[in-house]
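One letter stands for each residue in the lines below.
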Amino acid sequence: MMQKTLWQLAFLFAPLMASAFSFAGDLKLWYDRPATDWMLESLPIGNGRLGGMIFGGLDAEHVQFNEDSLWTGDEHDTGYYQNFGDLFIDLGHAGAKDYRRELDLSRAIHQVSYTLDGVTYRREAFASHPDGVIVLRFTADKPGRYSGAVRLVDAHNAGAGAQGDRLTVTGSLDNGLKYESQVLVLNEGGRIATDGDQLRFEDADAITILLDAGTNYLNRSDKGWRREDPHARLAAALDAAARKSVDQLRAAHVADYQNLFDRVRLGLGGSPSDVSSVTTVDRLAAYSKGVKDPELEALFFQYGRYLLISSSRPGSLPANLQGLWNNSNQPPWRCDYHVDINVQMNYWPAEPANLGECQQPLIDWINSARPVWARQTQAEFHARGWTTRCENGIYGGSSWAWINAASAWLCQHVWEHYAFGGDKGYLRDVGYPMLKEVCQFWEDRLKPMPDGRLVCPMGFSPEHGPIEDGVSFEQELVWDLFTNTIEASKALDLDPGYRAKIAQMRDKLLVPKIGKWGQLQEWMVDRDDPKDNHRHVSHLFALYPGRQISPLTTPELAKAAQTSLEARGDESTGWSKAWKINLWARLRDGDHAYRLMHNQLRLVGGKSVNMNQGGGTYPNLFDAHPPFQIDGNFGYTSGVCEMLLQSQLQTPDGRPILDLLPALPAAWPDGRVTGLRARGGFTLDLSWKAGKLTQAMIHAGTTAGRCEVRYGQKTKVLDIPAGQGRTLDGMLAAAR
């Protein structure tokens, strides 16, 4: 591939603006050659449970696939998330021309096209949630042009069996988990025959390949984590899909996916008119060297939403350190659920980016693991309730250091699902019992100081420093837990006595202190090192994602948090950069948040980057920890949400404050967003021009909503009937 010069790219990206503002239009990643590297170049598809990384090769198509329940481990061992296998379709099309490989985020469809010997070949692939299978479709503009073979390779050395038009691999892991993958090959024209452990197709006009994989895992500790053998389930899914046309499968897939994805649209203004002519790699390269490309920033925002939809749907397991996608049986950090920030960060965009259903797998996983964690907690701490260690698998097994406040942080997501959605049935039956159990853990753990203040004993500030009493990270999380539990109790009109008890304990908690160089202290002892640039900024939880610190309510503490953040510096790993975007947004400094966003989108192509000074984005837009770690993608998306809308604060009488454009950067003078969510069940559409709000449309959810709208120094109280909306102008006056 001939690389374009920076001068040429700058010319392409010149500000050729139409007078009318529009949303980012071409939501596609595209490349002019096949992928050769799994982590850097192949492209992800997924339906929440089942996913694949597609290479788009010419001599052979390669799909490395995963299913979210293929794990080693048990209730005592965290285990490792496993590679499931590889699907190869041998084609022999090397030497083709006019190659294009793309991932269309607007439809969640991967496509490849090229020409060879006067024939135009096309492929498409998608992971259907409604039909539960991966669909690959191969067509050509002339008949009889497809001859080759389909091979299914297991990542655990089980052999494939070929029979009729189907390939099957069956195996089991050392922990007794049974697994199976099946491939069904459907030909139009030509013929299919078995050839040892593969299927050969000859002179076909088109072929359709259906893939499914699964295990006998069940996300229920009380059922021993097991259900029936997956064979019949997989066969039934493939047979049902085979009875439908590809057009029917595609239509159902797109409709289901767009029901989630189309809820939020973003345009950041200043978009060049011809970005579709520049490959994603070249766009990243130019952007890294200073060429402005607001549509790339909007694309990366939407990519985070695409990845969350693709790796976390109701009924699946939650997104792990790599979401759903993993090509190793011993992946970095087990490809597990780190609960000292990483799995939580995966779900930061779920509610504000209008994907509340995608948070359900996290809540279900927490709910299922509670009994195991409770037994582990009782054995370790002799306390009620539950918490867990840092590394977690899918059976409740955990390892490495105890993160005493991990359960409080997980419970923040349990609460936020209600705060944004307003489902009191969920809060009563699922959310509040979990919140109360974790409060009971801290009832048994909190330690009184001589002056009556309560501190968390022997705490850890991930992932460095001493273990001692009163660590700010834990103090802030317990404050957050107690506050959320109090509000949950009020919302349900339940447990007034317990609510009062927790309120009294919250008021006695040691609160974050300001240290000798103006910093927010990470420990109760004033020992923070101003030269410490560790990637974790755990003691700033109270600023984000917590709500204890804000420039609007606690300006001195917010200033101290800023001092700490400045000392840590901007350079760090990918996910750490993303956290800092959100922190600077909460500090209402959009320009600094944007600088970090720009830094995070810097193109990197190698694998050996310093772990503390790395970060950046790979050619396929995966975030570089390094190596690939998906929380950086999700943290970027949540950061954009926080820059445009915040709702974590309340009025004294409990109304949510909808803070409009609180951290709008100068780099986005004109823009529009629709569908962002706010606490209280509100959905907002915002537009701005020359850096000023022009219009805000505020829609209430299924219940009537009372809120305070804030823009700069202006405020307005609204009462909006259920299902209705209000439109305000840039002065927060009712729009005509």
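In this text the structure is predicted, and so the values were computed from the model without any measurement. (Residues numbered from 1 in each chain as written. Predicted model: local features only at pLDDT ≥ 70, side-chain atom pairs only at ≥ 80, totals over all residues. Heavy atoms only, no water.)

Undergrad: Please give an account of the confidence of the model for the protein that cites residues and values.
TA: Across the protein, the average pLDDT comes to 94, with 95% of residues at or above 70. Within the model, pLDDT remains below 50 along residues 1-20, and this stretch shows 30 contacts once partners closer than five positions in the same chain are excluded. Note that pLDDT drops below 50 for residues 607-613; the model gives that stretch 18 contacts with residues more than four away or on any other chain. (pLDDT = per-residue confidence, 0-100. Contact = heavy atoms within 4.5 Å.)

Undergrad: Now, about the layout of surface pockets: what can you tell me, with residues and values included?
TA: In this model, the largest pocket occupies a volume close to 790 Å³. Around the largest pocket, the lining is made up of 35 residues, and of these Tyr418, Ala419, Gly654, Pro656 and Gly680 lie nearest the centre. Every element with two or more residues in the lining of the largest pocket is listed here: helix 8 (406-421), helix 10 (472-492) and strand 30 (705-711). If you tally residues by element for the lining of the largest pocket, the top one is helix 8, at six residues. Looking at the lining of the largest pocket, its residues break down into nine nonpolar, 15 polar and 11 charged. Within this model, the second largest pocket holds a volume of roughly 450 Å³. If you go around the second largest pocket, you meet 19 residues; those closest to its centre are Trp479, Glu487, Arg547, Gln650 and Thr651. (1 Å grid on protein atoms, 1.4 Å probe; cavity = no way out; pocket = protein on both sides within 12 Å on 5 of 7 lines; lining within 4 Å. Points joined across faces, edges and corners; volume = space filled by probe spheres on them. Helix = DSSP H or I, 4+ residues; strand = E, 2+ residues; numbered from the N terminus. Nonpolar A, V, L, I, M, F, W, Y, C, P; charged D, E, K, R; others polar.)

Undergrad: With reference to specific residues and values, describe empty space enclosed by the protein.
TA: According to the stated counting rule, one finds eight cavities of 30 Å³ or more in the structure shown. A volume near 150 Å³ is recorded for the largest cavity. Lining the largest cavity are 14 residues, and of these Trp348, Pro352, Glu416, Tyr544 and Arg679 lie nearest its centre. With four residues, the top contributor of residues to the lining of the largest cavity is helix 8.

Undergrad: Give me the lowdown on the pattern of salt bridges, citing residues and values where you can.
TA: Counted under the stated rule, the structure contains 47 salt bridges. Among the salt bridges present, the one from Arg123 reaches Glu61, with a minimum N-O distance of 2.9 Å. With Arg123 in strand 8 (residues 119-127) and Glu61 in strand 4 (residues 60-67), this pair connects stretches of sequence that are 62 residues apart. With respect to class, Arg123 is no different from Glu61; both count as buried. For Arg706, the salt bridge goes to Asp719, with nearest N and O atoms at 2.4 Å. With Arg706 in strand 30 and Asp719 in strand 31 (residues 714-720), this pair connects stretches of sequence that are 13 residues apart. The partly exposed category is assigned to Arg706, whose relative accessible area is 40%. (Salt bridge = Lys/Arg side-chain N within 4 Å of Asp/Glu carboxyl O. Buried < 20%, exposed > 50% of the residue type's maximum accessible area, 1.4 Å probe, protein only.)

Undergrad: Summarise the environment of Lys531; cite the residues concerned and give the values.
TA: Position of Lys531 among the secondary structure elements: in the loop between helix 11 (496-508) and helix 12 (555-568). Through-space distance from the C-alpha of Lys531 to that of Leu317 is 40 Å; in sequence the pair is 214 residues apart.

Undergrad: Quick one: what's the story with the environment of Lys424, residue by residue and with numbers?
TA: With respect to the helices and strands, Lys424 occurs in helix 9 (residues 424-445). For the pair Lys424 and Arg710, spaced 286 residues apart in sequence, the C-alpha separation works out to 27 Å. For Lys424, the residues in contact, after removing those within four places along its chain, are Tyr418, Ala491 and Leu492.

Undergrad: Residue-level account of helix 12, with values.
TA: The first and last C-alpha atoms of helix 12 sit 20 Å apart over 14 residues, in line with the 20 Å expected at 1.5 Å per residue. Within the span of helix 12, buried status applies to Ala558, Ala560, Ala561, Thr563, Ser564, Leu565 and Arg568. Packed against the buried residues of helix 12 are strand 24 (464-468) and helix 13 (574-586). At the C-terminal side of helix 12, Gly569 shows a positive phi close to 85 degrees. (Expected span 1.5 Å × (residues − 1).)

Undergrad: If you had to explain the pairing of strand 16 (residues 206-215) to someone new, which residues and values would you point to?
TA: Two faces, one strand: in a regular strand the side chains alternate between the faces of the sheet. Within strand 16, 10 of the 10 residues are buried, which leaves the element mostly enclosed by the surrounding structure. Of the two faces of strand 16, the one holding Ala206, Thr208, Leu210, Asp212 and Gly214 and the one holding Ile207, Ile209, Leu211, Ala213 and Thr215 are both buried throughout. Examined bridge by bridge, strand 13 (residues 178-188) and strand 16 share 10 bridges and lie antiparallel to one another. What sits directly across from Leu186, in strand 16, is Thr208. (Pairing = 2+ DSSP bridges.)

Undergrad: Explain the packing of aromatic side chains to me, using residue names and the numbers behind them.
TA: Going through the model one piece at a time under the given rule, you end up with 31 aromatic pairs. On the basis of an interplanar angle of 35 degrees and a centroid distance of 5.8 Å, the ring pair of Trp71 and Tyr81 is categorised as tilted. With Trp71 in the loop between strand 4 and strand 5 (85-90) and Tyr81 in the loop between strand 4 and strand 5, this residue pair connects regions lying 10 residues apart in the sequence. Tyr81 sits in the buried class, given a relative accessible area of 0%. A centroid spacing of 6.4 Å and a plane angle of 15 degrees characterise the contact between Tyr99 and Tyr114, whose relative ring orientation is stacked. (Phe/Tyr/Trp six-rings, centres within 6.5 Å; stacked < 30°, edge-to-face > 60°.)

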